[in-house]
Amino acid sequence: MSLEYENDGALHAKLVEEVLSQYPDKAAKRRKKHLSVAKSGEEAGGEGEVVSECDVKSNIKSIPGVMTIRGCAYAGSKGVVWGPVKDMVHISHGPVGCGQYSWSQRRNYYVGTTGIDTFGTMQFTSDFQEKDIVFGGDKKLEQIIDEIEELFPLNNGMTVQSECPIGLIGDDTEAVSRNKAKELEKTIVPVRCEGFRGVSQSLGHHIANDSIRDWVFEKKQVEFEAGPYDVNVIGDYNIGGDAWASRILLEEIGLRVVGNWSGDATLAEIERAPKAKLNLIHCYRSMNYICRHMEEKYGIPWMEYNFFGPSQIESSLRKIAKHFGPEIEEKTEKVIAKYRPLVDAVIAKYRPRLEGNTVMLYVGGLRPRHVITAYEDLGMVIVGTGYEFAHNDDYQRTSHYVKNGTLIYDDVTGYELEKFIEGVRPNLVGSGIKEKYPVQKMGIPFRQMHSWDYSGPYHGYDGFAIFARDVDLAINNPVWDLFQAPWKKSPSRGQALAAE
Amino acid sequence: MPQSAEKILDHAPLFREPEYRQMLAEKKLNFECPHPDQIVTDQREFTKTWEYREKNLAREALVVNPAKACQPLGAVFAAAGFERTMSFVHGSQGCVAYYRSHLSRHFKEPASAVSSSMTEDAAVFGGLKNMVDGLANTYQLYDPKMIAVSTTCMAEVIGDDLHSFIENAKDENSVPRDFDVPFAHTPAFVGSHVDGYDGMVKGILEHFWKGQERSQVKGTINIIPGFDGFCVGNNRELKRLLDLIGVSYTFIQDASDQFDTPSDGEYRMYDGGTKIEDVKKALNAEATVSLQRYNTRKTLEYCEEVGQATAPFHYPLGVQATDELLMKVSAISGKEIPETIRLERGRLIDAMADSQSWLHGKKYAIYGDPDFVYAMARFIMETGGEPTHCLATNGTSAWKAELKELLGSSPYGKDAQVWAGKDLWAMRSLLFTEPVDLLIGNSHGKYLERDTGTPLIRLTFPIFDRHHHHRFALMGYQGGLRVLTAILDKIFDKLDRETSQTGVTDYSYDLTR
């Protein structure tokens, strides 16, 4: 169902030039490396599957004062990797703010009795005061762990998510965690995800992955009977229930999902992971580290997959099935056939309403590439995309998805994004909460692509139907035609452009 | 298969379908290693007891579900209330992403701020270079009239000195020498967002007032609103009242337009706010009125230092608090309160009298910022209600004493308890052991509503899960009507729900109430 099109590379190159001209020289030089226009494989000198090249520098420091959209290592660890593990208490260790702003904001759905046996939508903080900065917070941390144990005795473990001051004042959270873990016979994981480490959320993911390796794996005797079709789903945070809409498919094709990381996860699912036969990785960026470790240490292969939109779901299901052989492959074809009428009906309903609409994306881990085909399945055209915190290997993977002439922006600044959107005037922008309202003020429909704008799931076949509905309701809502007061004589933007 | 193109189910109905329920039940049983149901039930019941409450309230180190944020959020909010002002937060960049998201989620509006994006090397060598480059970039890209600098805790821990850094940046031509760059040190490990607000407003006033000659203009008033998620509705309502009285006033910090820009095709990065010229002139005002004492302690001290009279209020909401504000304004300005306002007041009283039977004796738990809780407790007592639990995570002992005095002045407050420094997990125990009829707070209170069944009325920042409430005033007599209606709606909706069972309770399902 692949859609063929080419984007206006000349316009995009001009827009890049224009935004760069507005920066002071030093900043322009640095930003230039992050902005590009995707070229076709031949022009870029690529071979094989690579249809285009997204040649940007990435995973380097943001420039001060430009309004980067990025977050920090704490956001990557507490917000993304560890936060969703539901039966553990995650202590935001430091001042009150970090935990307060990230409280319940990622929509990592879970089932449990919050405050009793699960703790996902709660904010545990050590609420550092000046005296803690001056005298250190290790004693306080010990006391906090004791108080958690007394008030929340059904917790299955704790993590200590370090905020900026912890690393600066020289606290030894590792020693506290080690001692307390021994005393309480519980898993306690110190995570050195101070916000100043690294250049974005990304290092926080890595540090969190490493803390699983160092503080969870092989720490307990794991009693578990492994089966031949056991898989872990890695890097699905169950936003709006994504992981559930994925799990149902994997189970239908005959696999057993023994662990889901980390949406709706329990500590037990993490501990047991090294016994699985295959790691299925959705968000490569945030969890490839631990997959590589499991491959090296336990010989578990890993495979990337994409459950956004029917084209990718089908090819991912077949790729996964192939790994397990004919029995699973046969079931997989049945599952694909079972959902085909749903897919056809959804596309028949929405494609005519969305065909040819243009989309610009700016998101985090996997979505700037993974969701592209889901839009294309609906006949939509991706004109620009970019990542907050990608590395080079993400852009390499993006080349397979984008078309010639696509505008590529890494660690985009508020200024650039506004100018690009103004210049391109796409029919839809998919990005985050900070971008939502400026874009809508311009009269351009918007969907949040981190939180699914409080909808979802978007993964799997069930999710695709919701995705299609949401894109349609965003673009085709009557409000966009009401922006101009009728007594203002000036022609609408569309008419003005047509007249040019 | 539960999903269909005709009737698309999203998360709320989808996961209630049998396929998903079974899948989740099996996941739990086979893979989660859950605690036995009985143990979970026992623990849940235990958390409702007085015994648990005592342990919970005895906590010394752990904070769970606090009702406060950190200083720089207040500074960023404060800066948003000045003409074409960009907030520049010196320190780690993730913090700024959080402040912007937090404000956007509440106001459903853009929230702009930049960071100096300090990383590990800056932690070692200091963030001077980040300040120098950052100010230049912000100035060039975002065309501000003023850049208001505050700090994250990272910059505070390593001890960066904003004053000298800004001077250095000016020496290096990051911004013109005469460009306004006021600043405030806003350590997250001291106080809360209300103190960050205080610091930033004071920083801006000092920047413009220091060394200037003051020549008092009699009868003129400065108004400082304080950190207020309802600034959009409140500031406009107060201006209407002040205009009716005919007072010469200046709002110092007014984010009502910044956080309520129209949708007409143009994105306004800056809108409204106190004009810089007006900030300068405000030095000459006879008096400065603070609408929220605990948001402006240092600022008011400074206003007194420069020779202004000051008058602090506690979020003037309800009858007597509004009376006092208007009378104060009238006294300073020498202008009489016009008859139209007296009639407005009468209409609020009329509404309260009409509904008094539904309000009298109702018990409330109230939480939020110190001034808001004070105001709400006072209004509740005016309606004959009893503010049983008054909680401010960022409440000080001075606040506690002041509120206790207020509560002690009324028979409706005699059983009230004041909880300074406590959090919403403590509130959960309070609601289980000493239940109330209604809970007044913000969106975070929805977890308390779910757990304890106490109906929640969202009347303070942050409100993420209801839209547009902040566009309507809470202050003044008009605001009083709005608060009154919100409370009554909650009471009637609950009563209707409880009496709606056909043939069982619906004799009480009265058409007229």
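Residues numbered from 1 in each chain as written. Chains lettered and ligands numbered in written order. Predicted model: local features only at pLDDT ≥ 70, side-chain atom pairs only at ≥ 80, totals over all residues. Heavy atoms only, no water.

(A) The arrangement of the overall build of chain A in detail. In terms of regular secondary structure, chain A is built from 22 helices and 16 strands. For a compact globule of 500 residues, the expected C-alpha radius of gyration is about 23 Å, and chain A comes in at 24 Å, within 12% of that figure. Expressed as lengths along the three principal axes of its C-alpha atoms, the size of chain A is roughly 75 × 60 × 50 Å. The burial tally for chain A puts 68% of its 500 residues in the buried class. When contacts within chain A are restricted to residue pairs at least 6 apart in sequence, those whose partners lie at least 24 apart make up 73%. Per element, the accessible surface of chain A, about 17000 Å² overall, is 50% carbon and sulfur. (Helix = DSSP H or I, 4+ residues; strand = E, 2+ residues; numbered from the N terminus. Rg over C-alpha atoms; globule rule 2.2 N^0.38 Å. Buried < 20%, exposed > 50% of the residue type's maximum accessible area, 1.4 Å probe, protein only. Contact = heavy atoms within 4.5 Å. Areas by Shrake-Rupley, 256 points an atom, 1.4 Å probe, with all protein chains shown as cover.)

(B) The overall build of chain B, seen in detail. A tally of helices and strands in chain B yields 21 helices and 13 strands. Dimensions along the principal axes, computed over C-alpha positions, put chain B at roughly 75 × 65 × 55 Å. When the 513 residues of chain B are sorted by exposure, 62% land in the buried category. Within chain B, contacts between residues at least 6 apart in sequence are counted, and of these 72% link residues at least 24 apart. Carbon and sulfur atoms make up 49% of the accessible area of chain B, which amounts to about 19300 Å² in all. Looking at charge distribution, chain B has the averaged site of its 56 positive side-chain charges lying 2 Å from that of its 71 negative ones. (Lys, Arg positive; Asp, Glu negative; His and termini not counted. Charge placed at Lys NZ, Arg CZ, Asp CG, Glu CD.)

(C) Just the interface of chain B and chain A, in detail. Listed as interface residues are 102 residues of chain B and, on the opposing side, 115 residues of chain A. When the buried surface of chain B facing chain A is broken down by residue, F31(B), Y98(B) and F189(B) rank first, second and third, together holding 9% of it. Seen at the junction of chain B and chain A, the total is ten salt bridges. Between D133(B) and K26(A) there is a salt bridge, and its shortest N-O distance comes to 2.8 Å. Broken down by class, the residue content of the side of chain B that touches chain A amounts to 51 nonpolar, 28 polar and 23 charged. (Buried area = accessible area lost by both parts, 1.4 Å probe. Salt bridge = Lys/Arg side-chain N within 4 Å of Asp/Glu carboxyl O. Nonpolar A, V, L, I, M, F, W, Y, C, P; charged D, E, K, R; others polar.)

(D) Spotlight on the UniProt feature "domain: Nitrogenase/oxidoreductase component" (unreviewed entry) in chain A. UniProt feature "domain: Nitrogenase/oxidoreductase component" (unreviewed entry): in the numbering of this structure it lies at residues 72-473 of chain A. Helix makes up 49% of residues 72-473 of chain A and strand 14%, with an end-to-end C-alpha separation of 33 Å. (UniProt positions renumbered as here; feature names shortened; annotations may be inferred.)

(E) Geometry of the domain arrangement of chain A. Residue and element names in this part refer to chain A. Assigned domains of chain A: these are domain 1 (9-65 + 354-454), domain 2 (73-216) and domain 3 (230-342). Here domain 1 and domain 2 have C-alpha centroids that lie 33 Å from each other. Contacts between the two partners involve ten residues from domain 1 and, on the opposite side, six residues from domain 2. Summing both partners gives a buried area of about 690 Å² for domain 1 against domain 2, and 52% of it is carried by carbon and sulfur. It is F389, S451 and Y454 that lose the most area in domain 1 upon contact with domain 2, and together they represent 51% of the buried surface on that side. Where domain 1 packs against domain 2, one counts four residue pairs in polar contact (both at pLDDT 80 or more). Of the residues assigned to the side of domain 1 that touches domain 2, the class counts are four nonpolar, four polar and two charged. (Domains from an automatic or database assignment. Polar contact = N/O pair within 3.5 Å; in protein donor to acceptor, adjacent residues only side chain to side chain.)

(F) Quick look at the environment of M449(A). Residue and element names in this part refer to chain A. Take M449: it is sitting in the loop between strand 16 (446-448) and helix 21 (460-475). Through-space distance from the C-alpha of M449 to that of F124 is 27 Å; in sequence the pair is 325 residues apart. Contacts of M449, omitting those with residues within four sequence positions, involve V363, R367, V371, Y375, G430, S431 and F467.

(G) Focus on the nonpolar core. Among the nonpolar cores identified, the biggest contains 217 residues, and W82(A), W261(A), Y375(A), F420(A) and W209(B) are the most heavily contacted of them. Residue contacts for Y375(A): discarding those within four places in its chain leaves V359(A), L361(A), M380(A), I382(A), L428(A), M449(A), F467(A) and V471(A). F251(B), V289(B), F372(B) and A377(B) belong to the second-largest nonpolar core, a separate cluster that totals 60 residues. (Core = buried A, V, L, I, M, F, W, Y, C linked by side-chain atoms within 4.5 Å.)

(H) Quick look at the pairing of strand 15 (residues 428-431) of chain A. Residues and elements named next belong to chain A. Burial along strand 15 is two-sided: the residues L428 and G430 and V429 and S431 are all buried. Of the strand pairs in this sheet, strand 15 and strand 16 are connected by three bridges, and their pairing is parallel. Across the sheet, the residue bridging to S431 is Q448, located in strand 16. (Pairing = 2+ DSSP bridges.)

(I) Structural detail: the domain arrangement of chain B. The domains assigned to chain B are domain 1 (1-29), domain 2 (71-209), domain 3 (220-261 + 269-336) and domain 4 (340-499). In this structure, domain 1 of chain B and domain 4 of chain B have C-alpha centres spaced 38 Å apart.

(J) Inspection of the environment of N394(B) at higher detail. Residues and elements named next belong to chain B. As for its position among the elements, N394 is in the loop between strand 10 (386-392) and helix 18 (397-408). Using a relative accessible area of 11% as the deciding quantity, one classes N394 as buried. Along the chain, N394 and D423 lie 29 residues apart, while their C-alpha atoms are 9.2 Å from each other. Excluding residues within four positions of it along the chain, N394 makes contact with A67, K68, S192, H193, V194, G368, D369 and P370. Side chain to side chain, N394 and S192 meet in a polar contact 3.0 Å long.

(K) Focus on unusual backbone geometry. The step from W261(A) to S262(A) runs through a cis peptide bond, and the omega angle for that step is -10°. Note on placement: S262(A) falls in strand 9 (residues 256-262). Phi is positive for D127(A), close to 45°, though the residue is something other than glycine. Positive phi values are uncommon outside glycine, yet Q253(B) reaches one of about 85°. Structurally, the position occupied by Q253(B) is in the loop between strand 6 (248-251) and helix 13 (276-281).

(L) Structural context of helix 4 (residues 73-82) of chain A. Along helix 4 of chain A, ten of the ten residues are buried, which leaves the element largely enclosed by surrounding structure. Every buried residue of helix 4 of chain A is listed here: A73(A), Y74(A), A75(A), G76(A), S77(A), K78(A), G79(A), V80(A), V81(A) and W82(A).

(M) Spotlight on the UniProt feature "domain: Nitrogenase/oxidoreductase component" (unreviewed entry) in chain B. Listed under "domain: Nitrogenase/oxidoreductase component" (unreviewed entry) in the UniProt record, and renumbered for this structure, are residues 70-490 of chain B. Helix makes up 48% of residues 70-490 of chain B and strand 14%, and the two end C-alpha atoms of the span are 31 Å apart.

(N) Representation of the sheet that holds strand 7 (residues 285-290) of chain B in the model. Residues and elements named next belong to chain B. Pairing in this open sheet of four strands is parallel, and the strands run 6-5-7-8 from one edge to the other. Across the chains shown, the open sheet's two edge strands, defined by having one partner strand only, are strand 6 and strand 8 (309-312). Each strand of the sheet is rotated relative to its neighbour by a mean of 25°, with strand direction disregarded. Two strands pair when backbone bridges link them, and strand 5 (residues 217-224) and strand 7 are joined in this way by five bridges, in the parallel orientation. Of the residues in strand 7, the one forming a bridge with V217 is A285. (Axes fitted to C-alpha atoms, helices over the stretch in contact; angles between N-to-C directions.)

(O) Region of interest: the pairing of strand 7 of chain B. Residue and element names in this part refer to chain B. The buried fraction of strand 7 is high, at six of six residues. Inspection of the sheet shows strand 7 paired to strand 8 by four bridges, in the parallel sense. Bridging across to strand 8, A287 finds its partner in A309. For the crossover from strand 7 across helix 14 (residues 297-305) to strand 8, the handedness is right-handed. (Right-handed = clockwise from strand over helix to strand, strands pointing away.)

(P) Seen up close, the packing of helix 20 (residues 433-441) of chain A against helix 6 (residues 93-107) of chain B. The N-to-C vectors of helix 20 of chain A and helix 6 of chain B enclose an angle of 55°; their axes lie 8 Å apart at closest approach. Considered as vectors, helix 20 of chain A and helix 6 of chain B are oriented oblique to each other. The hand of the helix 20 of chain A/helix 6 of chain B crossing is left-handed. Each of I433(A), K434(A) and Y437(A) in helix 20 of chain A lies in contact with helix 6 of chain B, whose residues at this interface are A97(B), R100(B), S101(B), S104(B) and R105(B). (Parallel < 35°, antiparallel > 145°, perpendicular 65-115°, else oblique. Left-handed = near helix turned anticlockwise from the far one by under 90°.)

(Q) Quick peek at empty space enclosed by the protein. Tallied over the entire structure, the rule returns seven cavities of 30 Å³ or more. Here the largest cavity defines a volume of roughly 200 Å³. When its residues are assigned to classes, the lining of the largest cavity shows eight nonpolar, nine polar and three charged. (1 Å grid on protein atoms, 1.4 Å probe; cavity = no way out; pocket = protein on both sides within 12 Å on 5 of 7 lines; lining within 4 Å. Points joined across faces, edges and corners; volume = space filled by probe spheres on them.)

(R) Up close: the confidence of the model for chain A. Mean pLDDT over chain A: 95, with 95% of residues reaching 70 or higher. Note on residues 44-51 of chain A: pLDDT is under 50 here. Beyond four places in sequence and across chains, it has 13 contacts. (pLDDT = per-residue confidence, 0-100.)

(S) Examining the packing of aromatic side chains more closely. All told, the structure shown has 39 aromatic pairs over all chains when counted by the stated rule. With 5.9 Å between their ring centres and 80° between their planes, F217(A) and Y298(A) make a pair best called edge-to-face. On the criterion of sequence distance, the pair formed by F217(A) in the loop between helix 10 (201-215) and strand 8 (230-236) and Y298(A) in helix 13 (residues 284-298) is long-range, its members being 81 residues apart. Where F308(A) meets W452(A), the ring centres are 5.7 Å apart and the plane angle is 80°; that geometry is what we call edge-to-face. Of this pair, F308(A) sits in the loop between strand 11 (302-304) and helix 14 (309-324) while W452(A) sits in the loop between strand 16 and helix 21; the two residues are 144 residues apart in sequence, bridging distant segments of the chain. For the residue pair F308(A) and W452(A), the accessibility class agrees, reading buried in each case. The ring centre of Y284(A) lies 3.7 Å from the NZ or CZ of R397(A), which sits over that ring. In this structure, K239(B) packs its charged tip against the face of F251(B), placed 5.4 Å from the ring centre. (Phe/Tyr/Trp six-rings, centres within 6.5 Å; stacked < 30°, edge-to-face > 60°. Lys NZ or Arg CZ within 6 Å of the ring centre and 35° of its normal.)

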